[in-house]
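Architecture at a glance
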Amino acid sequence: MQIYLDYSATTPPRPEVKEKLQSVLTQHWGNPSSLHTWGNNAATVVETARIQVASLINAIDPESIIFTSGGTEANNLAIMGVARKYKTPQHIIISSIEHSSISEPARLLEEWGWEVTQLKVNRTGRINPIDLKNAIQPNTVLVSIIYGQSEVGTLQPIEELSHIARSRGILFHVDAVQVAGRLLINIEQLNVDLLSLSSHKLYGVQGAGALYVREGVELVPLLGGGGQENHLRSGTQAVSTIAAFGVAAELAATELETETPRLISLRDRLFDLLADCPYLIPTGDRLYRLPHHVSFIVVAPESEQITGKTMVRQLNLAGIGISSGSACHSGKLNPSPILLAMGYNSKESLGGIRLTLGRETTIEDIDWTAMVLKQILDRLIPPLAVIR
Ligand SMILES: Cc1ncc(COP(=O)(O)O)c(C=O)c1O
């Protein structure tokens, strides 16, 4: 039995997406900037996808969608695109639990003399909006906050946070990579200036993403070249992967009403089945949470260390694909910076695991996974160990 529970890492391209890829690669492979029929056909494919992606976030103007190579590029374009407008270093605000495609550009800005405030989060990974109010300075030019945290599943009060920033004339960017296609996004209600999306997180294919740019928001492009994508992202568009993104976005929007509650019920079932397991502590917020996201830290007695990575390996041997938050650098396992920021100690922060569900996850998968997970822990942790 093979069970994939790592849909936050990537999702399998859906059949309609594969069909679209095939048809575009066969029939509409032209360069969208060319003026002949081949070019026009490819341009029509890209513009159709732009409308589909805009609809996913309920954006009225398709021109507000700038196609990129993925979520990482969209995030970099947001941060650096704003920063590069300024001749002298200013101040930006991010959270302490951002994806590295935000925290790394922010770190680079710091090296260039910018001030970066990282808002603290509580034990469940939530930001207190008052902290944002207090962090704002006269030279704050951008606030960037992750909507749904990929490692611990916590959702942020984006509307409230964006209101605080925008009412003071400060640009607000949201990384919605994990949320899009899983929860309804209404760009006007969310009231943000910039929003990042990634195709392969919603059953498209890897290599396409988008940055929503509100009309009137000025950015300096990262790449110099032919001026495609409204002069914000030079380079010939990846027509087939963009078309696949469009189809995936349209279908995700159509299925949201049924798929989101289904995921929530599977997610809650998995949490419930594992609630009596003494070796697992749930992480993240249980109420404000991504619909498909289950996460824990593994706790073992003082003498033991069971890392998230160990659990990934063990579950993989049992045919179940999950992920852990800690990453290896130069052969050494490092605690998850996200769990550290949430107040867990170094040992605990090595023990994070994440199980993320998707379209193909069934109730049987959930029940089986819970049983296997418990069995693995019972085997790894000595039975007489007193924990907590
Ligand atoms: C919250 C978040 N932002 C950004 C990214 C980067 O997206 P991409 O893989 O499309 O570059 C990811 C990927 O895991 C993510 O989870």
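Residues numbered from 1 in each chain as written. Predicted model: local features only at pLDDT ≥ 70, side-chain atom pairs only at ≥ 80, totals over all residues. Heavy atoms only, no water.

**Comments concerning the pattern of salt bridges**
The following threshold applies: Salt bridge criterion: a side-chain nitrogen from Lys or Arg within 4 Å of a carboxyl oxygen from Asp or Glu. For the purposes of this entry, the term helix denotes a DSSP run of H or I that reaches at least four residues, the term strand denotes a run of E that reaches at least two, and both are numbered from the N terminus. Burial classes follow relative accessibility: with a 1.4 Å probe on protein chains only, a residue under 20% of its type's maximum area counts as buried, one over 50% as exposed, and anything between as partly exposed.
Under the defined criterion, the tally for this structure stands at 17 salt bridges. The partner of Glu111 in a salt bridge is Arg107, and the shortest N-O contact between them spans 2.7 Å. Taken together, the residues Glu111 and Arg107, both in helix H4 (residues 100-111) and 4 residues apart, mark about one turn of the helix. Residue classification places Arg107 among the partly exposed residues on the basis of a relative accessible area of 38%. Residue Glu188 is joined to Arg214 by a salt bridge in which the shortest nitrogen-to-oxygen separation is 3.6 Å. Of this pair, Glu188 sits in helix H7 (residues 187-190) while Arg214 sits in the loop between strand E8 (209-213) and helix H8 (239-273), and the two are 26 residues apart along the sequence. In the salt-bridge network here, residues are joined through shared partners; they are Arg14, Glu16, Glu255 and Arg359.

**Some remarks on the site of the ligand**
Note the following rule: If a single non-hydrogen atom of a residue is within 4 Å of a molecule or strand, that residue counts as near it. Pairs of N or O atoms within 3.5 Å make up the polar contacts considered here, provided that, within protein, one atom can donate a hydrogen while the other can accept it, and that residues adjacent in sequence are counted only when both atoms are side-chain atoms. What sets the accessible areas is the Shrake-Rupley method with a 1.4 Å probe; for residues, cover comes only from the shown protein chains. Classes in brief: Ala, Val, Leu, Ile, Met, Phe, Trp, Tyr, Cys and Pro nonpolar; Asp, Glu, Lys and Arg charged; the others, Gly included, polar.
Close contacts around the ligand come from 14 residues, with Gly71, Thr72, Asp175, Ser198 and Lys201 the closest. Between the ligand and Gln178, the relevant distance is 2.8 Å, taken from an oxygen atom to a side-chain nitrogen or oxygen of the residue. His200 is positioned such that a nitrogen or oxygen atom in its side chain is 2.9 Å from an oxygen atom of the ligand. Alone, the ligand offers 400 Å² of accessible surface; in the complex the protein occludes 86% of this. Ranked by residue count, the leading element in the shell around the ligand is helix H3 (residues 71-83), at 3 residues. For the shell around the ligand, the class distribution of residues is 2 nonpolar, 10 polar and 2 charged.

**Considerations on the pairing of strand E4 (residues 115-119)**
In plain terms, the rule: Note on pairing: DSSP must find at least two bridges between two strands before they are called paired. If the strands point away from the viewer and the path from the first strand over the helix to the second runs clockwise, then the crossover is right-handed.
Summarising the sheet, strand E3 (residues 91-95) and E4 pair through 5 bridges and their orientation is parallel. Looking at E4, one finds that Ile92 is bridged to Val116. With respect to chirality, the unit in which E3 leads through H4 into the neighbouring parallel E4 is right-handed.

**Concerning the domain arrangement of the protein chain**
Note the threshold: In this document the domain limits rely on a domain assignment from an automatic tool or a database. In this description, contact between two residues means that some pair of their heavy atoms is separated by no more than 4.5 Å. Buried area: the accessible area, evaluated with a 1.4 Å probe, that two parts lose upon being put together, summed over both parts.
Taken domain by domain, the protein chain holds domain 1 (3-8 + 256-380) and domain 2 (15-252). Measuring from the centre of the C-alpha atoms in domain 1 to the corresponding centre in domain 2 gives 27 Å. With 26 residues of domain 1 in contact, the opposing surface of domain 2 contributes 26 residues. Interface area, domain 1 with domain 2, both sides summed: about 2300 Å², of which 55% is carbon and sulfur. Counting the surface domain 1 buries against domain 2, the share from its top three residues, Leu256, Leu290 and Ile338, is 28%. Between the two partners, domain 1 and domain 2, sit 0 salt bridges. The interface formed by domain 1 and domain 2 includes 17 residue pairs in polar contact (both at pLDDT 80 or more).

**Digging into the sheet that holds strand E7 (residues 194-198)**
What counts is decided by this rule: Throughout, an axis means a line fitted to C-alpha atoms (over the contacting stretch in the case of helices), and angles, computed between N-to-C directions, take values from 0 to 180 degrees.
Across the sheet, 7 strands lie side by side as E2-E8-E7-E6-E5-E3-E4; this open sheet has mixed pairing. Two strands lie at the open edges of the sheet, namely strand E2 (65-68) and E4, each paired on one side alone. Going from strand to strand, the sheet's axes swing by 20 degrees on average, the running direction of each strand aside. Across the sheet, helix H2 (residues 37-56) is in contact with E2, E7 and E8; its angle to E2 comes to roughly 115 degrees. Seen against the sheet, H4 touches E3, E4, strand E5 (140-146) and strand E6 (171-175) and runs at an angle of roughly 150 degrees to E3.

**So, the pairing of E6**
A large share of E6 lies buried, amounting to 5 of its 5 residues. A two-sided burial pattern is seen for E6, the buried positions comprising Leu171, His173 and Asp175 on one face and Phe172 and Val174 on the other. One ladder, built from 5 bridges, connects E5 with E6; its direction is parallel. Bridged to Val143 within E6 is Phe172. What joins E5 to E6 is helix H6 (residues 158-166), and the crossover it makes is right-handed. Pairing analysis gives 3 bridges linking E6 to E7, with the strands arranged parallel. Looking at E7, one finds that His173 is bridged to Leu194.

**Some words on the packing of aromatic side chains**
Condition: When two rings of Phe, Tyr or Trp (its six-membered ring) have centres within 6.5 Å they constitute a pair, described as stacked for plane angles under 30 degrees, edge-to-face for angles over 60, and tilted for the intermediate range. We call a charge positioned over a ring when the NZ of a Lys or the CZ of an Arg lies within 6 Å of the ring centre and within 35 degrees of the ring normal.
In total, this model carries 5 aromatic pairs according to the counting rule given. Here Tyr86 and Trp114 contribute two aromatic rings whose centre-to-centre distance is 6.2 Å and whose plane-to-plane angle is 80 degrees, an arrangement assigned as edge-to-face. Taken together, the residues span a long stretch of sequence, with Tyr86 in the loop between H3 and E3 and Trp114 in the loop between H4 and E4 at a distance of 28 residues. For Tyr86, a relative accessible area of 32% translates into the label partly exposed. An aromatic cluster of at least three residues, connected via ring pairs, comprises Tyr4, Tyr7 and Tyr203. The ring of Tyr344 has Arg123 sitting right over it, with the charged end atom 4.0 Å from the ring centre. Directly above the ring of Tyr288 sits Arg126, whose terminal nitrogen or CZ lies 3.7 Å from the centroid.

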